[in-house]
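In case you want the letters, here they are:
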Amino acid sequence: CFQDLTDVAHNRNAVPEIAMNVVPLDNPDLVALPNVMNIPLNFTDDLENQNIRWPPDTLNIALESPLMRLTGKVTRGGMNWAPFIRSLTVRRGHKCHHPRPEDTLENIVQYAFEQPTYYLGFLWVHENRDLKEVYGNTAGKLYPCVRTNNSRPSSSYHTFWFPRNLMESPATVGWPSSFSGNPFSASYKISFQPKNPKWDRKPFSINLEPGWKVDNGEVYSDARGYGWRCKQDMAIETNQPRPVPALATNRSVGRTERLNERFCADGKLNSWEIAVPNGAYAATVLHERVRGSIEFGCALENTRHSRGNMATRSVVVEVKDGKFTLSQTGEHSTSYVDNLQRPTTCDDIFWIKLDRLATRLPRMLNAPTSGRKQAWWQTEFPSASQPVGAVIIELPSVVMMSFASFPGSARRYRPNCMNRWFYEPGASCMQTRNLAIYGTGQYFDERDDPDILRKIYAGEPTPRMHREYIQYQQPWGSYNISNPNVGAVVSLSDLPCTETGGCPKTNEKICRVIAETSFFRDRSLHRWESLIKIDCKGQTGKYLRVYLRGQNRVLMMRRVHIHRPVVLPSQLATPAPNHRKSLCYGVRPRVASETTPSFITTDDPTDPIFYSTCYTRSWLIEWLPLSKADPPVPRKFIFNGECLSCQSFRETDPSIPISQNKTINWYFSTDKCQNCKLELSPWGEGKTRDKPTPYPTPNPSPYPSAYPSAYPSAYPS
């Protein structure tokens, strides 16, 4: 444990101070609630318990230990890879250059999407297998091929080269060849306005441009074709982007009010929909200009729109169910300052404009879809009825931390369209512009431009761009779980998934139905997709299964990490006599304040924290001796009427160097209480101590004192 703490401290990205808790695995008999452990390996989405929630961005580091990791035989099925394999160029008996280690076919295809000019195919150690076995559960070893001087003959290998284009051409789906004039087959323009607008208590009229319709916050109706899940309040904007009553009142005078605070009667967040034909659309919105998490709290057809805090934003999305949806993510982020959860906001919206670009977004050519089958992945455990705790799913393009990278991310975010396939059907994939504009006017008139995307593509003069991102459609927010073709299921069962029957529902124990994306907040406060974390809460089964809901799905996961619900005592080495089995876990000390200490201390033996020890490692500071130091506080050996055993009192002597790596154990005497301090030499009278250690000592807590004393004890012997 000390070596791990040292290794992290030497990391160039390390924070100034890191720490480690050493805790007993089993609670002593004196603990009042034996089932309450001081081991925070449980993961909960319950925001009411946010103070005991493990930081979600580092949960995978805590669990990635041989003590917690569960392994088994992995199989997958339901997807038809044959058309994709037939589209490749096969060089039998040839070996390509492969600097990366062995991997799965799914991951190799992901590399080709992330870096198409570098990863060009894969190598197969065929062992005289038939070509159709390359995508089965008995494929053997596969390696990604990179760009080199082709391949060389080698009879033990076959090399598969990807086609030049893995995606359909935009022209095949009707993407406009030119953006001059009006390239859109249809446009839908909605302005959010109060029903009876007033300014200075006087009613006035809002004059909309031709083609614009008004939304007054009414509930969705088929007759109108658009509306809200539940009634939404509307207001007028008096400051920006145009003050009332200056100029002519137009589409930007009204806006939604307190959208980020609006819940419906069923407890779910409010959202807005409009009925439109399926297809690819440019969705452009004008947000209230406030500094905050506009991009994090809103989703346009489950797509993240442009970054920044500017006003007009535009992103390309695909509608697949006949309705475009503007929704709130409902996500929360944890503050690094006070460790409290706060919602990400979807700030007020003035108007929205949808321009139909094509019949759909391009798809991956010959994508390995499930068709009418069910796409699944499963792990078979060696033992039946295996209890399972946290399950962590790593999608193709996510940000994650590792032990070596903390507190930075282990992998840079690479936009990848495959993440979206995990949540919805259709292997759509296209890089488009995400736009956010800005200008110099006091009320940002030049930012109020519903036609900004077309102008950018056409090369026409436009206001300055805040940022212009060329990226894939990043999935964002929560999907409508009532749609049977979206989302995924993580479950436990004693019955396996099969190629023909999928995953049987008989006696299935569902850990979670996944229908929302997960966020990661980096040190710059940017949010990215992160690991999906599920808590199976100790449910048991022979198989851990991940399967996609519905048909025509594509299952592309990078890895699935499975963990125990708790550490088993039998997994730990046998300690010395009169010592408990203990384990360690790393923490980042919180910043102390006048009301909140860095460390939780207690002198109550019925509290499990009493038996834990926190070690911190920080910058080494050598303090000059004080000319007049206060006398040391007497060291206690009686706590709430319980008397420490003298052996425990001696072994916890603070003069013992940390370099001896002795785990602190607190034991109470079962016999008559003794004054253990009489067995020790008083400070400075014949007591021999080792030389100072380069390792910093733990921060002392006031109870018990870290120093023995010659002063008489406050407690009778």
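See the structure shown above.
Residues numbered from 1 in each chain as written. Predicted model: local features only at pLDDT ≥ 70, side-chain atom pairs only at ≥ 80, totals over all residues. Heavy atoms only, no water.

(A) Examining the overall build of the chain more closely. The secondary structure content of the chain amounts to eight helices and 39 strands. Burial analysis of the chain (717 residues in total) assigns 50% to the buried set. Here the contacts in the chain between residues at least 6 apart in sequence split such that 78% fall between residues at least 24 apart. On the chain, roughly 35000 Å² of surface is accessible, and the fraction owed to carbon and sulfur atoms is 50%. (Helix = DSSP H or I, 4+ residues; strand = E, 2+ residues; numbered from the N terminus. Buried < 20%, exposed > 50% of the residue type's maximum accessible area, 1.4 Å probe, protein only. Contact = heavy atoms within 4.5 Å. Areas by Shrake-Rupley, 256 points an atom, 1.4 Å probe, with all protein chains shown as cover.)

(B) Expanded view of the layout of surface pockets. The calculated volume of the second largest pocket comes to roughly 970 Å³. Lining the second largest pocket are 38 residues, with Val74, Arg76, Thr104, Glu106 and Trp377 sitting closest to its centre. At the level of elements, strand S2 (69-70), strand S3 (73-77), helix H4 (105-114), strand S23 (376-380) and strand S35 (559-563) are the ones that each hand at least two residues to the lining of the second largest pocket. For the lining of the second largest pocket, the residue count by class is 15 nonpolar, 14 polar and nine charged. (1 Å grid on protein atoms, 1.4 Å probe; cavity = no way out; pocket = protein on both sides within 12 Å on 5 of 7 lines; lining within 4 Å. Points joined across faces, edges and corners; volume = space filled by probe spheres on them. Nonpolar A, V, L, I, M, F, W, Y, C, P; charged D, E, K, R; others polar.)

(C) Structural detail: H4. In terms of burial, H4 is a largely internal element, 10 of the 10 residues being buried. Every buried residue of H4 is accounted for by Leu105, Glu106, Asn107, Ile108, Val109, Gln110, Tyr111, Ala112, Phe113 and Glu114. Looking at the buried side of H4, the elements it contacts are S3, helix H3 (82-86), strand S5 (119-125), strand S6 (142-146) and helix H6 (418-421).

(D) Highlighting the packing of aromatic side chains. What the rule picks out here adds up to 22 aromatic pairs. Both rings, one in Phe122 and one in Phe160, keep their centres 4.6 Å apart while their planes meet at 5°; by these two values the pair is stacked. Of this pair, Phe122 sits in strand S5 while Phe160 is found in strand S7 (residues 152-161), placing the two residues 38 residues apart along the sequence. Classification of Phe160 as buried rests on a relative accessible area of 0%. (Phe/Tyr/Trp six-rings, centres within 6.5 Å; stacked < 30°, edge-to-face > 60°.)

(E) Structural view of the state of the cysteines. Overall, the coordinates contain seven disulfides when judged by the stated rule. At a sulfur-sulfur separation of 1.7 Å, the disulfide partner of Cys96 is Cys145. The chirality of the disulfide connecting Cys96 with Cys145 is left-handed, given an S-S dihedral of about -60°. Note that Cys96 is positioned in the loop between strand S4 (89-95) and H4 and Cys145 in strand S6, a separation of 49 residues in sequence. Taking the relative accessible area as the measure of exposure, Cys96 reaches 4% and is therefore buried. Using a relative accessible area of 0% as the deciding quantity, one classes Cys145 as buried. (Disulfide = S-S within 2.5 Å.)

(F) Here's a closer look at the pairing of strand S8 (residues 187-192). Bridge count for S8 against strand S22 (residues 349-358) is five bridges, and the pairing is antiparallel. What sits directly across from Ile190, in S22, is Ile352. Of the strand pairs in this sheet, S8 and strand S11 (residues 212-215) are connected by four bridges, and their pairing is parallel. Residue Phe192 lies in a different strand from S11, and its bridge partner there is Asp215. (Pairing = 2+ DSSP bridges.)

(G) Inspection of the sheet that holds strand S36 (residues 582-587) at higher detail. Taken together, three strands build an open sheet; the order of strands is S36-S1-S37 and the sheet is antiparallel. Either end of the sheet is taken by a strand with one partner, and the two such strands are S36 and strand S37 (613-617). This sheet shows a mean twist of 20° between the axes of neighbouring strands, independent of strand direction. Of the pairings in the sheet, the one linking strand S1 (residues 18-24) to S37 comprises five bridges and is antiparallel in character. Along S37, the bridge assignment pairs Ala19 with Thr616. (Axes fitted to C-alpha atoms, helices over the stretch in contact; angles between N-to-C directions.)

(H) Inspection of a nonpolar patch on the surface at higher detail. Where nonpolar side chains cluster on the molecular surface, the patch consists of Ile481, Ile510 and Val513 and spans about 210 Å² of accessible area. Mapped onto the elements of the fold, Val513 is located in strand S29 (residues 509-514). (Patch = residues over 30% accessible without salt bridge, like charges linked within 9 Å, V, L, I, M, F, W, Y side chains within 5 Å. Salt bridge = Lys/Arg side-chain N within 4 Å of Asp/Glu carboxyl O.)

(I) Quick peek at the side chain of His94. Assignment of secondary structure puts His94 in strand S4. Looking at His94, its side chain comes within polar contact range of the side chain of Arg91, at 3.2 Å. There is a polar contact of 3.1 Å between the side chain of His94 and the backbone oxygen of Arg92. Apart from residues lying up to four places away in sequence, His94 is in contact with Leu123, Ser151, Arg152, Pro153, Ser154, Tyr157, His158 and Thr159. (Polar contact = N/O pair within 3.5 Å; in protein donor to acceptor, adjacent residues only side chain to side chain.)

(J) Fine view of the nonpolar core. By size, the foremost hydrophobic cluster in this structure holds 69 residues, and its most contacted members are Phe113, Phe122, Ile393, Trp421, Phe422 and Leu544. When residues in this core are grouped by element, the largest group, five residues, is from H4. Dropping the residues within four chain positions of it, Phe422 is found in contact with Ile393, Leu395, Gly487, Ala488, Ile514, Ile532, Val546, Leu548, Arg553, Val554, Leu555 and Met557. One finds Leu259, Val315, Val317 and Ile349 within the second-largest nonpolar core, a separate group that totals 23 residues. (Core = buried A, V, L, I, M, F, W, Y, C linked by side-chain atoms within 4.5 Å.)

(K) Inspection of the environment of Ile638 at higher detail. Looking at the secondary structure, you find Ile638 in strand S38 (residues 638-639). You can call Ile638 buried: its relative accessible area is 14%. For the pair formed by Ile638 and Cys673, sequence separation is 35 residues and the distance between their alpha carbons is 8.7 Å.

(L) Molecular detail of the pattern of salt bridges. For the coordinates displayed, the defined rule picks out 21 salt bridges. Two residues, Lys320 and Glu424, come together in a salt bridge whose shortest N-O distance is 2.8 Å. With Lys320 in the loop between strand S18 (312-319) and strand S19 (323-328) and Glu424 in the loop between H6 and strand S26 (432-437), this pair connects stretches of sequence that are 104 residues apart. In this structure, Arg545 engages Glu508 in a salt bridge whose closest nitrogen and oxygen atoms are separated by 3.0 Å. Placement of Arg545 in strand S34 (residues 543-548) and of Glu508 in the loop between strand S28 (488-493) and S29 is noted, with a sequence separation of 37 residues between them. Neither Arg545 nor Glu508 differs from the other in exposure class; each is buried. Through salt bridges with shared partners, a single ionic network connects Lys320, Arg420 and Glu424.

(M) Quick peek at unusual backbone geometry. One non-glycine residue, Asn507, lies in the positive phi region at around 55°. Within the secondary structure, Asn507 is located in the loop between S28 and S29. Assessed through its relative accessible area of 65%, Asn507 is described here as exposed. Residues other than glycine seldom take positive phi values, yet Asn552 does so here, at roughly 55°. In this fold, Asn552 is placed in the loop between S34 and S35. The class for Asn552 is partly exposed, based on a relative accessible area of 43%.

(N) Local environment of helix H1 (residues 2-9). When we look at burial in H1, the residues that qualify are Phe2, Leu5, Thr6 and Val8. In an axial view of H1, the angular spread of the buried residues amounts to 165°, which keeps them on one side of the axis. Packed against the buried residues of H1 are S1 and S37. (Arc of directions from axis to C-beta.)

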